Amino acid sequence: MTGRYPNTRMRRARATGWSRALHRETQLTPADLIWPLFVTEGDGVEEPIASLPGVSRWSVDGIVARAKEAVDLGVPVVALFPNTQPDRRSDDGAEALNPDNLMCRAIRAIKEACGDRIGVLTDVALDPYTAHGQDGLLDDTGYVLNDETVAVLVDQALNQAKAGADIIAPSDMMDGRIHAIRMALEMNGHPNVQIMSYAAKYASAFYGPFRDAVGSGGLLKGDKKSYQMDPANSDEALREVELDIAEGADSVMVKPGLAYLDIICRVRQEFGVPVFAYQVSGEYAMIEAAQSVGAGDRDALLMEKLLAFKRAGASGILTYHAPVAARLLNG
Ligand code: PBG
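Figured I'd write up the structure that's included with this text. (Residues numbered from 1 in each chain as written. Predicted model: local features only at pLDDT ≥ 70, side-chain atom pairs only at ≥ 80, totals over all residues. Heavy atoms only, no water.)

With an omega dihedral of 5 degrees, the bond running from Y5 to P6 counts as a cis peptide bond. Position of P6 relative to the elements: it lies in the segment before α1 (17-23). Note that the residue after K255, namely P256, is joined by a cis bond; omega there is -5 degrees. One can find P256 in the loop between β8 (251-255) and α8 (261-271). Positive phi, close to 70 degrees, is recorded for M173, a residue that is not glycine. Tracing the chain through its elements places M173 in the loop between β6 (167-170) and α5 (177-187). What makes M173 buried here is its relative accessible area of 5%. (Helix = DSSP H or I, 4+ residues; strand = E, 2+ residues; numbered from the N terminus. Buried < 20%, exposed > 50% of the residue type's maximum accessible area, 1.4 Å probe, protein only.)

Structure (structure tokens):
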């Protein structure tokens, strides 16, 4: 209920900084952020990614340094993505199951250095390991097989959990994978490993720089529309979320971020489960591009967008800008 002017002047509350602080409805803190990191082979290696200015791939030692940086900044989780060397990629993505693959070495190194001071989230999907860049196994026609892929994803998730992953994040969009992974974690002594499901993941044009970063961009033929969602749909996103919660997801993700705030809002209102937004690579690149052509101030653009995710109902945000944002928030 709002009184009439001049009894009510909405600008009264906006007149001063202290008053704006008092009336602020949404808070953003470094603890809301998850920092995605790209891992590469070698020692002492940093490879800048051209389409993601300011983001690099790091060898395992550099990844550990980034994880320590996250701890110091108050960022509670890092998400890992490997850039698998071309000679280790195959049609079946078998490198995903290698206990000594880049991902597992990075997980172990972070856990040795930081223990429980940081959470490690690992992506489950085959695209960083396949020679064709799709997230699963293909049949003769190039269709991504569901159940056959799920069987491999279960082994991939167990491989990551054994290495010390805290949160398994399936990003593949196969049907039934959450239940299968949850059962395998239960039966293999990992009852407290969380699952953050990429429940509503859209077939988006905003993933381009990520595919460069993991080295699958040049390999991918066609698109991912037979498993990732149609950007036209939102009721379908709710069904995806409902299924994943029923199958054992602890939290869900909506991806990409800013163009899908309505989905975050609906998921939060209908289910009340922890929902995370992934501000994806193309979104990061757009903010950096705006700054570089003088169309806006990077820091201001970034903070406004991150706040918008929280306002829409997100529990947290995966963003390549996590260290920049955390520094700004920490003053
Ligand atoms: C792979 C995966 C993708 C992203 C996260 N996991 C790309 C894709 O589905 O093609 C995109 C992240 C980003 O663009 O930042 N399954």
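Further notes follow.
Turning next to α5. Within α5, the full set of buried residues consists of R177, I178, I181, R182, A184 and L185. Buried residues of α5 fall within an arc of 165 degrees about the axis and therefore sit on the same side. Looking at the residues trailing α5, positive phi occurs at G189, about 80 degrees. (Arc of directions from axis to C-beta.)

This paragraph deals with a positive patch on the surface. Positive charge collects at one region of the surface, where R9, R11, R12 and R14 lie side by side. Topologically, R14 is positioned in the segment before α1. (Patch = residues over 30% accessible without salt bridge, like charges linked within 9 Å, V, L, I, M, F, W, Y side chains within 5 Å. Areas by Shrake-Rupley, 256 points an atom, 1.4 Å probe, with all protein chains shown as cover. Salt bridge = Lys/Arg side-chain N within 4 Å of Asp/Glu carboxyl O. Lys, Arg positive; Asp, Glu negative; His and termini not counted. Charge placed at Lys NZ, Arg CZ, Asp CG, Glu CD.)

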